[in-house]
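Observations on the model geometry
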Amino acid sequence: MPTVDGETASLSTRDVANASVTYIGSVSDSDQCLHLKIYLLSLGANVKEEVSDDLPTDFNDIMEGITTLLDSQVDTDEMRSALYSLCTLLMKCMKSGLTGYISKLCSMFEQNGKQDNAGIRLEILQTLSFYELTSDLEKTEIFVTSLKLAKQYKLHDRVMTDIQEVSKLLDTWKVERDGRIIIYRLIRDIFIDSQRNDEAAVVMLELLRSYDDHNIASSVEDAKICVIDALKNPEIYLFDYLLALKPISNLRGELLYDLLNIFIHEDLKSYVAFYEKSKEFMQSIGLSHEENLRKMRLLTLTSHIAKAGDAATFDDLAAALALEEDSLEQYIIDAISCKLISAKIDEKEKKVIVKWVKSRTFGKAELKQIGERLLKWKNNLHLIRKNLSTISQTV
Amino acid sequence: MAVSSPLQLSVVIHPVVVLTICDSYERRNEDIEKIHGTLLGKVEKERIEIRNCFIDDNPTASGKKKFNLEEFQRLFDLHQRVYPNEVIVGRFSTGDQIDDTALAMQALFSRVIESSYVAFPIHLLVDTNLTDSHMGIQASVYHRYGVPGNDNGSIFTPIRYAMGYYPEEMSASQLFQRNLAIGGIAPVHNDMQHVIATSTKIDELLDEVLKYVEDVTAGNTPFDSKIGRSLSDAIMAVPQIDQSVFKDMMNNSTQDLLMVTYLGSLVRTQLALAEKLNTIL
Amino acid sequence: MSRAEIDVPIKKVSIDGQVILQIIRHCQSERDSTDLAQGVLLGMLVDNCTEVTYCFPFPEFTEADTDNDIEMYQLDMMKYLRSINMDHMQVGWYRASPFDLNVIKDMLDSQYTYQKQIHESVGLLFDPIKAAQGNLSMKAYRLSSKVMEMYGQGSTEFTVNSILAAGLSYENIFEEIPVEIRNSSLCNVYLAQLKLNHSSAPTSYLTLGTDSHLEKSLRLLSESLDELHQEAGKLSVYHKTLRMHHQKQQSLLKKRGDNAKARDDDDSKQNRPPPAPYRLDNLLVANQTNKFCQELNQYVSQSFSKLFLAEALENNES
């Protein structure tokens, strides 16, 4: 299987700007309108039979009849041909400078139609979003309508949901923060519907980043959902990235924020104390106490080992984790498999030989350390490379 | 066909197709402005891979030569003998717009070629005129529009695509790109130079990362703990072996390699000697 | 053809990028079959350089296909190429050679056939395994004119004396011509646009595990040494028989005395010296062995470089 450049098929931002729809008609505009009108009439639509020579008038009239088409039982290929015919007429109207049709079409597509023709509606919308005369605002509107249709009819693979691509598009279209929030919410719902919870979590982060000071008040719900999802996720142990998000740091003072803090900075004792004090709250957010205990034990283990290093004995660890020694070994193995620490167990000495430990918070200090290590590598490599070059020239 | 809508398609193009198109474009007859041809490739459910192309005969100066379907069939049969799995997936043309000729050919092909191969034929437009100083490559899907009984025209709607590479193609393409920097013509490496070239690449990557770290420390770039963690994970992934174990490993490998070198030189000496002896006798 | 007499030395081979990608594609699709991918190179001669601008692959011709089929296929392809203004002069052939294993006798045959008809022909060997690991390896070969002459007269010509006279050795049967890659400006525009993701580049050759490759190379080397040994055996047998024949001749001469001259004609039939062995195979095997050694050297130097690089990254631990 060849590798594909980029995870999904995508047009570079440049090509999106240049992509154009090409249509070549074989009949005149008025004939095309006439054909459509006769067809719509045959389906029982309420349109006038005559065509004038004025395209906008005819087109407005035809638009009235499209609802009938969308609600009818016409088969897919026929529907596609007819709607594309409408699409080309719309593009011709836009060419003569008229506006507002795309909005009208979007709302019409949202409100009418059945499961069978949902896919076709999405096709038409995508074609229009590539048309060069469609404004950025209209493109955003089309995208929102597409997401709504995809969510409603569960056509998740027919709309762009890759977050990186979507943010690029939203940047190109200069979408405001409020608009972004709506779009990210829709995408998150689509992911949840199709059981892609990891991707939904990523969207939530992007969503939270779109809030800024003036609409921070409305972010509270979303922030809480995000924190609870992260705490619930059995594979996430390190939560400090959440604090960097404004809406979450805005939760300061709430019980949930304190809980998050415990998971990031504190140890098992603090958690148990918190639990005893706020049992109702814990029940209301639906986190399993057992799960939380397990996570906290692993995290406390990590911190302890980080502080004590090779001097960590089984006794100390067992005390900190409030466990028997037998269960302690299992926890150490768990920690190693979760990649929180890399170590070997010395059973004779009842000690842990530590190679490295992940830090629960990652700050600038840690980044500096990385920088130093990388600089060393770079210098060494440079030396070796110089030597190799001289050798290869003489060979 | 499992694909009911072109929105589900993912189109992958191999670079050899575009290079062939560019090359044929440069060889076209003097009075022609565009060239046309057929795209071939493989279709697997919703993934269309465009792997090769045929060029149509150039029309002669005296007028357009009619497209000969029989000749095309013969050519396709020839092709199938080498690549039995490839089918026709669409057409291409050059220039900045899809014109009538391209449309006529696309329509012809959609009628004549079996639609069981690919439900939605692709049209590739390669902008060899370089408008906006950019070779725009656009893939579209071809539809006819109209009402039953009255066909009103054709529409080409853009579709997203990606470039796809086999590992060998990736190395070749990277080599070509590297050559661009040194003037476009370059010899092929031997093994050791290749390792040196890769270490140069590693150096560049390290530079980029170091720059990021410096920026963040100076405060120019916002600090993102996720990136920091991925960096630290990457560094931790370097297996940390004890000094003594590593030294042993190095020594063993060095010994093996030296021995092999010795054997190689021995054999070569033997060959030279044998030749001399044979000729003396 | 008179052109063959003009001995224009070919100094380098220039290949279009498109041709390389086509060859890669052919090798890719033939990867699972037992036959090696091979095909024809087309192009032209410019100054001292053979330019390769197009190629087309050979399908697997089964035994049912006659030579005529092969001819027809080539003619059909050439007709098509002429109609789209491609260079239709054959300038050589290409073949995939994984692990640089090449059947030398076939190579010699093919290259001779091509070079006889068109002087500028080159044979191109491409290693798909190395390319998949990130190192594009293309080698072009031609036969020197001396070899052309001698091979033309049949492989029986290659006796020890004739080889000595022509100054041939196993090293210079095949001349290696440096290969260069060129792309037209339009293609360069496209290539500059490609966003090649560096992280997806194949870097598997950077692994330090060299054992299996070394093993395989050494095994191939020992096999070809066996063949060499056989050839050397043949030569020594010949020398022995020659010596015995001489001794017989001497003893007969002594016995016959004066009547030797009269009897010589009768005896000459029975006393013909044994035929000199053909040394062509020996040359070829020696060449192959030499190639293996060179490849091994290359591989070893590459492995050493990798080891040193790994050391650079390791030195600062703990």
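Every chain's residues receive numbers from 1 upward, in the order its sequence appears when written. Labels are handed out in written order, letters beginning with A for the chains and numbers beginning with 1 for the ligands. Given that this is a predicted model, residues contribute local features only at a pLDDT of at least 70 and side-chain atom pairs are listed and counted only at 80 or more, while totals for whole chains, interfaces and linings are drawn from all residues. The side-chain numbers reported here are obtained from all heavy atoms of the structure, hydrogens and water having been left aside.

We count it as follows: UniProt positions are given in the numbering used here, feature names are shortened, and annotations may be inferred rather than shown by experiment.
Looking up chain C in an unreviewed UniProt entry gives the name Eukaryotic translation initiation factor 3 subunit H, with the organism given as Trichoplax adhaerens. Database annotation for chain C, UniProt heading Sequence similarities (unreviewed entry): "Belongs to the eIF-3 subunit H family." Per UniProt, chain C carries the Subcellular location (unreviewed entry) text "Cytoplasm".

Going by what an unreviewed UniProt entry lists, chain A is known as Eukaryotic translation initiation factor 3 subunit M and is assigned to Trichoplax adhaerens. Per UniProt, the comment on chain A under Subcellular location (unreviewed entry) is "Cytoplasm". Listed in UniProt under the heading Subunit (unreviewed entry), the comment for chain A reads: "Component of the eukaryotic translation initiation factor 3 (eIF-3) complex."

1. Side note on the pattern of salt bridges
Heads up, the rule is: What counts as a salt bridge is simple: a side-chain nitrogen of Lys or Arg found within 4 Å of a carboxyl oxygen of Asp or Glu. For each residue, the accessible area found with a 1.4 Å probe, counting protein chains only, is set against the maximum for its type, and the residue is called buried under 20%, exposed over 50%, and partly exposed in between. The secondary structure listing takes helices from DSSP runs of H or I that are at least 4 residues long and strands from runs of E that are at least 2 residues long, numbered from the N terminus.
The full count for this structure, using the stated rule, is 39 salt bridges over all chains. A salt bridge links B:Arg27 to B:Asp23; the shortest N-O distance between them is 3.4 Å. The class for B:Asp23 is buried, based on a relative accessible area of 6%. For the salt bridge of B:Asp56 with B:Arg91, the shortest nitrogen-to-oxygen distance reads 2.7 Å. Placement of the pair is B:Asp56 in the loop between strand E3 (47-55) and helix H2 (69-82) and B:Arg91 in strand E4 (residues 87-94), with a sequence separation of 35 residues. Members of the salt-bridge network, linked through shared partners, are B:Arg47, B:Glu49, B:Arg51, B:Glu86 and C:Arg25.

2. Some details on the pairing of strand E4 (residues 89-96) of chain C
All names here are of chain C. For clarity, the threshold we go by: DSSP-based pairing: two strands are paired if at least 2 bridges between them are found.
Buried residues dominate E4, accounting for 7 of its 8 residues. Looking at chain direction, strand E2 (residues 38-46) and E4 are connected through 6 bridges and run antiparallel. Directly across from glutamine 38, in E4, lies its bridge partner arginine 95. Two strands pair when backbone bridges link them, and E4 and strand E5 (residues 122-126) are joined in this way by 5 bridges, in the parallel orientation. Within E5, the residue paired with arginine 95 across the bridge is leucine 125.

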